[in-house]
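Descriptive structure summary
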Amino acid sequence: MSGNKRPPMQALSTRELVIDIPGRADGYPLDLTIKSGQVWGVLGPNGAGKTTLLHTLAGLRAPRAGALFLNDVPTTKLKRRALSQQLGLVFQDRQDGFPATVLETALIGRHPWLAPWQMEGADDLAMAERSLEALDVLHLKNRLVSTLSGGERQRVAIATLMTQSPHTWLLDEPTNHLDLHHQVAVMKLLTDRAAAGNAIFMCLHDLNLAARWCDHILLMYPNGETCWGPAERMLVPDALERLYNQQLATVEVDGAPFFVPKRV
Amino acid sequence: MIRPITLPLAVLAVAGLIAMVMSVGIGSVAIAPADVLLVFLGEGSNLHRTLIFELRLPRTLSAFATGGLLAVAGALMQVLLRNPLADPYVLGLSGGAAVGALLAMLAGLGGAVISGSAFAGAMLATLMVFGLAHGTGSWTPSRLLLTGVVVAAGWGAVITLMLAISPARELPGMLYWLMGDVSYARAPWPGLGVLVLVCALVVPLGRSLNVLARGPMQAAALGISVRPLEWLIYILASLLTATAVTMAGSIGFVGLVVPHMLRLVLGNDQRLILPACALAGGTLLVLADTLARVVIAPEQLPVGVITALLGVPTFLYLLYRSR
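Once that is clear, we can look at the overall build of chain B. Each helix and strand counted, chain B has 14 helices and zero strands in total. Taken from N to C terminus, the helices and strands of chain B fall in the order α-α-α-α-α-α-α-α-α-α-α-α-α-α. For chain B, the spread of C-alpha atoms along the three principal axes comes to 60 × 55 × 35 Å. Looking at chain B residue by residue over its 323 residues, the buried ones come to 51%. Contacts spanning at least 24 positions in sequence make up 76% of the contacts within chain B whose residues lie at least 6 apart.

So this is what it looks like as C-alpha cells:
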C-alpha cells in the first residue's frame, strides 16, 4: 500500500475562516494550524458550532468566509478523493442504511484508497482487522452494526477512521457513549497516533479528558468568539467558567488540573 | 463485500439458462429440452425452428430483459432513496408511461407508436420529478421521494379518468397494458442492450454505492461526490425503468422483491447485488411469463398478475420475518 506513505510533517490550516452558522453575525475568524503530532481539543457549550467547524474542516460544508489549506494547497483545489486520503472524520451521529457487519463497516474506510473496479484485498482486510483489534471490537466483526450498543458502535466508527488511515483525524465527541475504560483507551490510542505523526482534532465535552490528553485547545464561545493555543494557557478556570457559564473548582491530579463544577 | 462474487453469479446464470430453455420448450407444441438444444445447434425440425426463433425466443428474451431491467432499477432506487420500500415505479415513472401508452391507444394507434408514446411519457415523468424535486430549496432523498409519490398519485388519477372515458372496446387492451404483459414484446435486443450497458456502467460504481448507502455525509467524508453520483443513479434507474415499461407495460413487484430476496441471501454489496438482480429478475420474469402462458392455456394471463401474486406473499413474508 504505497498510498499510505506520507511526508512526515503536514498541516491543515485555516485562513480567516468563518464557519457558517445560521443566524450568527460574522466575525471572529479562525487562523488555526493543525500540525503533525498535535492533539487538539475543541471545547464549547452546546450550539457553539463545534460540529459545524469539524464538518467545515472536513470539506463537507462551505465556510461563510475564508479558506482552508492542506500543506499550503487550498482544499478547494483538491479532488474529494484526494482530500479523503488526507482527512477523515468520525461523525457524532450515524445512520444505518442497509444492514452491514462490523467488518464490512470498517472496510468502507478503504474506499478512498481503491480504484473504482478494485476489490478490497488481503491488505485491506488486514488493516480493517488491525483497527478493529485496536478498538477492542474485533470479536464483534461478524455482528450486524445495528445490533451493537452505542459504545460499541462508537468504537467501530473510530476503527473505520483508523482503517481509512488519513493524516488528519477529525473526531466529533469520540468518547460519547464510551465507558470509563474505553474513554481512556480511545484517548490513549489517539495520542499514540499523534506521536506516530498524525494530527488529531476533536470536539470534547469532558474538560478533564481534554486537560489530560490534549496539547492544544480551541475554545468556542456561543457568540462565535474563539481563542486557541497550547492547553496549559487555555485551560484556566476564568476562561472555562466564562465558556460554560458555570462556576468551577480546580484540583490537581497527577500534575494535571482537574475541573469539577461547583454546586449551584 | 468480503464474499466471493463469481459463484452466486454463475449459479444465477445457469438458473437463467435453464429457465429460458424450459420457457421456449413449453407451449401449445411442447419441445423437449434436448430438441431445444438441437435447434440452437442449427439442427432440429423446421417447425421447431420457426416456433423457437420466431415466436417463443423473442418473447422469452423480452421477458428476461424486462425482469432484469426492473430488478436492477429497483435495487438502484433503494440505494438512492436509502429506503428499502422503493421500487422502480415509486417516483411515478410508470404512471407517465401508462398515460403515454393509453393516449396512443385512445387515438387508435398501433404497436410501435404505443411503445414510443410510453417511453416519452416515462421520460416526461422523470423530468417532471427531477425538476420539481430540485425546487428552490435543498435536495434530499425524502424530498425526491415525496415529490415522486405525489406525482405518481397524479398520474394515477389521470389513468383512472382515461379508463372512465374510453370506449369499451379499448378497455381490455388498456387493462392488459396496465397490468404488464410481454406477449406483444417482439424486439428484445434494445432492452437487453440497455441492461448490459447499464450493468457495465454501475458495477464499477458498486463500492461507491455501498458507501453512499451509509448516508451522504459519510460518503462525502470518504471521497465521494455525492450529488453527481445520486443524479447519475437516478438517470440510469429511470432509463432502465422506461425501457422496461416500454417493452412490457408496468409489471409490478419484480423491482421490489428481487433485490430484497437477493440481499437476504447475498448481503448488501452492490457489486454483487446489481448483476445478481439482472440475472435473478430476468429469470423470475421468464418463469412468471411461462406460467402466464400455461395456467389457463390457450388463454394467456398478463404476466404482471403472476408477478404480483408471487410477489405479494413473498414480500409480506420477508417483512414479517425481518428484524
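The secondary structure content of chain A amounts to nine helices and twelve strands. The C-alpha radius of gyration computed for chain A amounts to 19 Å, which stays within 12% of the reference 18 Å derived for 264 residues, consistent with globular compactness. Considering only C-alpha atoms, chain A reaches an extent of 55 × 40 × 35 Å along its principal axes.

Residue and element names in this part refer to chain A. Summarising the sheet, strand β1 (residues 11–18) and strand β4 (residues 65–70) pair through five bridges and their orientation is antiparallel. The residue of β4 that forms the bridge with V18 is A65. In this structure, the hairpin formed by β4 and strand β5 (residues 73–74) is closed by a connection of two residues, where N71 is found at a positive phi of approximately 50°.

The antiparallel open sheet is built from four strands, whose spatial order is β2-β1-β4-β5 (chain A). The sheet terminates laterally at β2 (33–35) and β5 of chain A, the two strands that pair on one side only.

The interface is formed by 21 residues belonging to chain B together with 26 residues belonging to chain A. Listing elements by their share of the side of chain B that touches chain A, those giving two or more residues are α9 (206–212) and α10 (216–221) of chain B. Element by element, the count of residues in the side of chain B that touches chain A is highest for α10(B), at four residues. A per-class count over the side of chain B that touches chain A returns eleven nonpolar, six polar and four charged.

Residue and element names in this part refer to chain A. Read from one edge of the open sheet, six strands run β6-β7-β8-β3-β9-β10, paired in mixed fashion. Of all strands in the sheet, those with a lone pairing partner are β6 (87–90) and β10 (226–230), marking the two edges. Strand-to-strand, the axes of this sheet are offset by a mean angle of 15°, without reference to chain direction. As paired elements, strand β3 (residues 39–43) and strand β8 (residues 199–203) share four bridges and run parallel to each other.

This paragraph deals with unusual backbone geometry. Outside of glycine, negative phi angles account for most residues, and trans bonds account for most peptide bonds. Residue and element names in this part refer to chain A. Its identity is not glycine, yet E16 carries a phi of approximately 50°, on the positive side. Given 11 C-beta atoms within a 10 Å radius, E16 is considered exposed. Although it is not a glycine, D72 adopts a positive phi angle of roughly 70°. Mapped onto the elements of the fold, D72 is located in the loop between β4 and β5. Of the residues examined, D72 has 7 C-beta atoms within 10 Å and is grouped as exposed.

All names here are of chain B. In this model helix α1 (residues 6–25) runs 29 Å from its N-terminal to its C-terminal C-alpha over 20 residues, within 8% of the 28 Å that 1.5 Å per residue would give. Those residues of α1 that sit buried are P8, L12, G16, A19, M20, S23, V24 and G25. Buried residues along α1 sit in contact with α2 (33–40), α3 (46–81), α12 (254–266) and α13 (270–294).

Turning our attention to helix α5 (residues 111–134) of chain B. Residues and elements named next belong to chain B. Taking 1.5 Å per residue, 24 residues should reach 34 Å; α5 reaches 35 Å between its end C-alpha atoms and fits that length. Residues I114, S115, S117, A118, F119, G121, A122, A125, T126, V129 and A133 constitute the buried set of α5. Along its buried surface, α5 packs onto α4 (93–106), α6 (141–165) and α11 (226–248).

Glancing now at the confidence of the model for chain A. On average, chain A scores 91 in pLDDT, and the residues at 70 or more come to 97%. Low pLDDT, under 50, characterises residues 1–7 of chain A; the stretch is placed with five contacts to residues that sit more than four places away or in other chains.

Residues and elements named next belong to chain B. Running from N to C, α1 and α13 point in directions that differ by 20°, and their axes come no closer than 9 Å. Accordingly, the angle class assigned to the pair α1 and α13 is roughly parallel. The handedness of the crossing between α1 and α13 is left-handed. Contacts between α1 and α13 involve P8, L9, L12, A13, A15, G16, A19, M20, M22 and S23 from the former and L272, P275, A276, L279, A280, G282, T283, V286, L287, D289 and T290 from the latter. Residue composition of the contact of α1 with α13, grouped by class: 15 nonpolar, five polar and one charged.

The next point concerns the environment of G44(A). The residue G44(A) is located in the loop between β3 and α1 (50–57) in this model. By C-beta crowding, G44(A) is classed as buried, having 21 other C-beta atoms within 10 Å.

Next up on the list: the environment of P8(B). All names here are of chain B. Mapping P8 onto the fold places it in helix α1. Take P8: there are 20 C-beta atoms within 10 Å of it, and that puts it in the buried class. Placed 64 residues apart in sequence, P8 and V72 show a C-alpha to C-alpha distance of 16 Å.

Turning to the pairing of β8(A), a few remarks are in order. All names here are of chain A. Counting buried positions along β8 yields five of five residues, so the element is predominantly enclosed. Of the two faces of β8, both are covered, the one formed by A199, F201 and C203 as well as the one formed by I200 and M202. For strand β7 (residues 168–172) and β8, the ladder comprises five bridges, and the chain directions are parallel. Paired with L171 across the bridge in β8 is M202. Following the chain from β7 across helix α6 (residues 180–195) to the adjacent parallel β8, one finds a crossover that is right-handed.

With that settled, consider the nonpolar core. All names here are of chain B. V72, L76 and C277 are the most contacted members of the largest nonpolar core, which has 169 residues in total. Examining the composition of this core, we find that 17 residues originate from one element, α3, more than from any other. Sequence-distant contacts of L76, defined by excluding residues within four places in its chain, comprise I233, L236 and A237.

All names here are of chain A. The topology assignment puts H177 in the loop between β7 and α6. Expressed as a C-alpha distance, the spacing of H177 and L83, which sit 94 residues apart in the sequence, is 29 Å. Leaving out residues up to four positions away in the same chain, H177 has contacts with G150, G151 and Q154.

So, how was this worked out
Residues numbered from 1 in each chain as written. Chains lettered and ligands numbered in written order. Predicted model: local features only at pLDDT ≥ 70, side-chain atom pairs only at ≥ 80, totals over all residues. Helix = DSSP H or I, 4+ residues; strand = E, 2+ residues; numbered from the N terminus. Buried ≥ 20, exposed ≤ 12 C-beta atoms within 10 Å, placed from the backbone. Contact = placed C-beta atoms within 7 Å. Rg over C-alpha atoms; globule rule 2.2 N^0.38 Å. Pairing = 2+ DSSP bridges. Nonpolar A, V, L, I, M, F, W, Y, C, P; charged D, E, K, R; others polar. Axes fitted to C-alpha atoms, helices over the stretch in contact; angles between N-to-C directions. Expected span 1.5 Å × (residues − 1). pLDDT = per-residue confidence, 0-100. Parallel < 35°, antiparallel > 145°, perpendicular 65-115°, else oblique. Left-handed = near helix turned anticlockwise from the far one by under 90°. Right-handed = clockwise from strand over helix to strand, strands pointing away. Core = buried A, V, L, I, M, F, W, Y, C linked by C-beta atoms within 7 Å.

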